[in-house]
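Single-letter residue listing:
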Amino acid sequence: MKKGTLYIVATPIGNLEDITFRAVRILREVDLIAAEDTRHSRKLLTHLGISKPLTSYYDHNKELKGSYILDKLKSGLSVALVSDAGTPCISDPGYQLVRAASQAQITVVPIPGPSAFLAALSASGLQTDSFTFEGFLPNRREKRRSKLSTLKEEKRVLIFYESPRRLLSSLTDMLEVFGDRNVVVAREITKVYEELMRGLLSESITHFSESGIRGEVVILVAPDNSPGKIDDKPLGELLRHYLFAEKLSLKDAVKKVSLETGLKRGAVYEEALIISGK
Ligand code: SAM
């Protein structure tokens, strides 16, 4: 008997327009949809005008439900796996099912779409050529700090998911472990109160202490790059560009270059003073 196909379908992370034509077609065509939270996904399906059998697949029933879904696939049914938001298996349940399916010679097809960390990175202005996605940090402070310590020397952009409840604690721990680096906190991406807060870790702590934190966040921390070239552009060249071509103020040019290069603001400021003859 021909086996079914397992589709890993990305769904919106807020804005319901962020779903691909292909995702809609697959959700329409499959026999069964396995969802992290069936009530949550039902709303999306209703919005799309799709009525399909749904079954739950989440962390605490994944063993039992995994074999149920596998049996359906083996019997020739096709199944779409969706999570509450974004791409399944990315800090969401699913990889064990994918592994079991591929071990059972079942075809697994990704249907790409939104993922919060990629959306955040793409609009962050931080270097995008190499980065490391770390998912959620441990909840407990000691464990979180020790995890952060292992990442201190990392030369790539660090990307974390965080709950709004722990945002300030995590930013504070980052400041203590990493020093005052550039950070981008991407909040409520694709939603009404979307915000990309760019600045130093200390500034982000002040900002969110004052404004309060609502909604979902991604934290992106710039590496502590040693002075030199970034993107093969010497520091002076970047500064001249912002100061003279784009005519930014000294303060804004320094902020921008510091954010782009990951260099400490003080070091960029000194160079900017020389270049601008102040
Ligand atoms: N699978 C999802 C993905 O592909 O992005 C991630 C699921 S994970 C359980 C949920 C976390 O993703 C949230 O705690 C938050 O850190 C981040 N997230 C999800 N949607 C977001 C949004 N609209 N804006 C900012 N962060 C978001």
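*Asks:* How should the overall build of the chain be read in this particular structure?
*Replies:* On a plain count of helices and strands, the chain comes out with 11 helices and 12 strands. Considering only C-alpha atoms, the chain reaches an extent of 75 × 40 × 35 Å along its principal axes. Of all 278 residues assigned to the chain, the portion counted as buried reaches 47%. Carbon and sulfur atoms make up 51% of the accessible area of the chain, which amounts to about 14400 Å² in all. Charge-centre separation for the chain: the mean point of 40 positive side chains lies 4 Å from the mean point of 35 negative side chains.

*Asks:* Even after reading the chapter, I still don't get helix α9 (residues 235-245), so can you show me in this structure?
*Replies:* One turn of an α-helix holds 3.6 residues; hence residues three or four places apart share an orientation. Along α9, the residues that are buried comprise Leu235, Gly236, Leu238, Leu239, Tyr242 and Leu243. One face of α9 carries all of its buried residues, which in axial projection span an arc of 165°. Following α9 by one or two positions, Lys247 has its phi on the positive side, about 55°.

*Asks:* Teacher, can you tell me more about the site of the ligand here?
*Replies:* Neighbouring the ligand are 19 residues, the closest being Asp92, Ser115, Ala116, Tyr161 and Val217. Taking Val217, its main chain carries an N or O atom lying 2.6 Å from an oxygen atom of the ligand. Elements with a minimum of two residues in the shell around the ligand: β7 (157-162) and β10 (217-221). Among the residues making up the shell around the ligand, the classes are represented as 10 nonpolar, 4 polar and 5 charged. Two domains each put at least three residues into the shell around the ligand: domain 1 (5-114) and domain 2 (125-221).

*Asks:* Please clarify how the sheet that holds β10 should be interpreted in this entry.
*Replies:* Within a sheet, each strand pairs with its neighbour through backbone hydrogen bonds, oriented either parallel or antiparallel. Spatially, 5 strands are ordered β6-β7-β10-β8-β9 in an open sheet, and the strand pairing comes out mixed. Each end of this open sheet is capped by a strand with a single partner; those strands are β6 (131-136) and β9 (195-200). Strand-to-strand, the axes of this sheet are offset by a mean angle of 15°, without reference to chain direction. Bridge count for β7 against β10 is 5 bridges, and the pairing is antiparallel. The residue bridging Ile159 from the neighbouring strand is Leu220, located in β10. Where helix α7 (residues 167-178) meets the sheet, it contacts β7, β8 (182-187) and β10, and its direction lies at approximately 5° from that of β10.

Definitions and cut-offs
- Residues numbered from 1 in each chain as written.
- Predicted model: local features only at pLDDT ≥ 70, side-chain atom pairs only at ≥ 80, totals over all residues.
- Heavy atoms only, no water.
- Helix = DSSP H or I, 4+ residues; strand = E, 2+ residues; numbered from the N terminus.
- Buried < 20%, exposed > 50% of the residue type's maximum accessible area, 1.4 Å probe, protein only.
- Areas by Shrake-Rupley, 256 points an atom, 1.4 Å probe, with all protein chains shown as cover.
- Lys, Arg positive; Asp, Glu negative; His and termini not counted.
- Charge placed at Lys NZ, Arg CZ, Asp CG, Glu CD.
- Arc of directions from axis to C-beta.
- Near = heavy atom within 4 Å.
- Polar contact = N/O pair within 3.5 Å; in protein donor to acceptor, adjacent residues only side chain to side chain.
- Nonpolar A, V, L, I, M, F, W, Y, C, P; charged D, E, K, R; others polar.
- Domains from an automatic or database assignment.
- Pairing = 2+ DSSP bridges.
- Axes fitted to C-alpha atoms, helices over the stretch in contact; angles between N-to-C directions.
- Contact = heavy atoms within 4.5 Å.

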